[in-house]
Amino acid sequence: MSMSMDQMSAGLTRDRKIFDERIASRIDELKWLYIELYENDWMFAELLGQMEIFYGERTDTLKKLDIIRETHPD
């Protein structure tokens, strides 16, 4: 069963929103740690881009597990 373009677009929009919310809550610490190690702002932006791509490629099962772990960290 294939997805329509609207379904794919809605899924990408949902993934982007989730990714953006997660990064926003941790961006300052993540950037500080990265810059401490590598001293390279440009590559930090590249890292964020790659992280977004990798998140988008995760299976729905793993994305559901992410949500469960986030809401029940223990």
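Now for a look at the structure at hand.

Parameters at a glance
- Residues numbered from 1 in each chain as written.
- Predicted model: local features only at pLDDT ≥ 70, side-chain atom pairs only at ≥ 80, totals over all residues.
- Heavy atoms only, no water.
- Helix = DSSP H or I, 4+ residues; strand = E, 2+ residues; numbered from the N terminus.
- Buried < 20%, exposed > 50% of the residue type's maximum accessible area, 1.4 Å probe, protein only.
- Contact = heavy atoms within 4.5 Å.
- Areas by Shrake-Rupley, 256 points an atom, 1.4 Å probe, with all protein chains shown as cover.
- Salt bridge = Lys/Arg side-chain N within 4 Å of Asp/Glu carboxyl O.
- Phe/Tyr/Trp six-rings, centres within 6.5 Å; stacked < 30°, edge-to-face > 60°.
- Lys NZ or Arg CZ within 6 Å of the ring centre and 35° of its normal.

1. Some points on the overall build of the protein
Helix and strand counts for the protein stand at 4 helices and 0 strands. Going residue by residue from the N terminus, the α and β elements of the protein occur as α-α-α-α. Across the 74 residues of the protein, 16% fall into the buried class. Summarising the internal contacts of the protein: among those between residues at least 6 apart in sequence, 50% fall at separations of at least 24. In the form shown here, the protein has an accessible surface area of approximately 6,400 Å², with 59% of it arising from carbon and sulfur atoms.

2. Overview of the pattern of salt bridges
A complete count under the given rule lists 9 salt bridges for this structure. Notably, a salt bridge pairs Arg16 with Glu52, separated by 3.1 Å at the nearest N-O pair. In this pair, Arg16 sits in helix 1 (residues 5-24) while Glu52 sits in helix 3 (residues 41-57), placing the two residues 36 residues apart along the sequence.

3. Observations concerning the side chain of Asp15
Turning to its location among the elements, Asp15 is positioned in helix 1. The residues contacting Asp15, other than those within four sequence positions of it, are Tyr55, Gly56 and Lys63.

4. What to know about the packing of aromatic side chains
Here the structure, examined in full by the defined rule, presents 3 aromatic pairs. Ring geometry for Phe19 and Tyr55: centres 6.3 Å apart, planes at 35°, overall tilted. In this pair, Phe19 sits in helix 1 while Tyr55 sits in helix 3, placing the two residues 36 residues apart along the sequence. Of the two residues examined, Phe19 and Tyr55, each falls in the buried class. Judged by centre distance (4.8 Å) and plane angle (45°), the rings of Tyr34 and Tyr38 are tilted. Note that Tyr34 and Tyr38 are positioned in helix 2 (residues 27-38) at a spacing of 4 residues, about one turn of the helix. Looking at Tyr34, the relative accessible area reads 14%, which means it is buried. Clustering of aromatic rings is evident, with ring pairs tying together Tyr34, Tyr38 and Phe44. Directly above the ring of Tyr55 sits Lys63, whose terminal nitrogen or CZ lies 5.3 Å from the centroid.

Just geometry here; none of it tells us what the structure is for.
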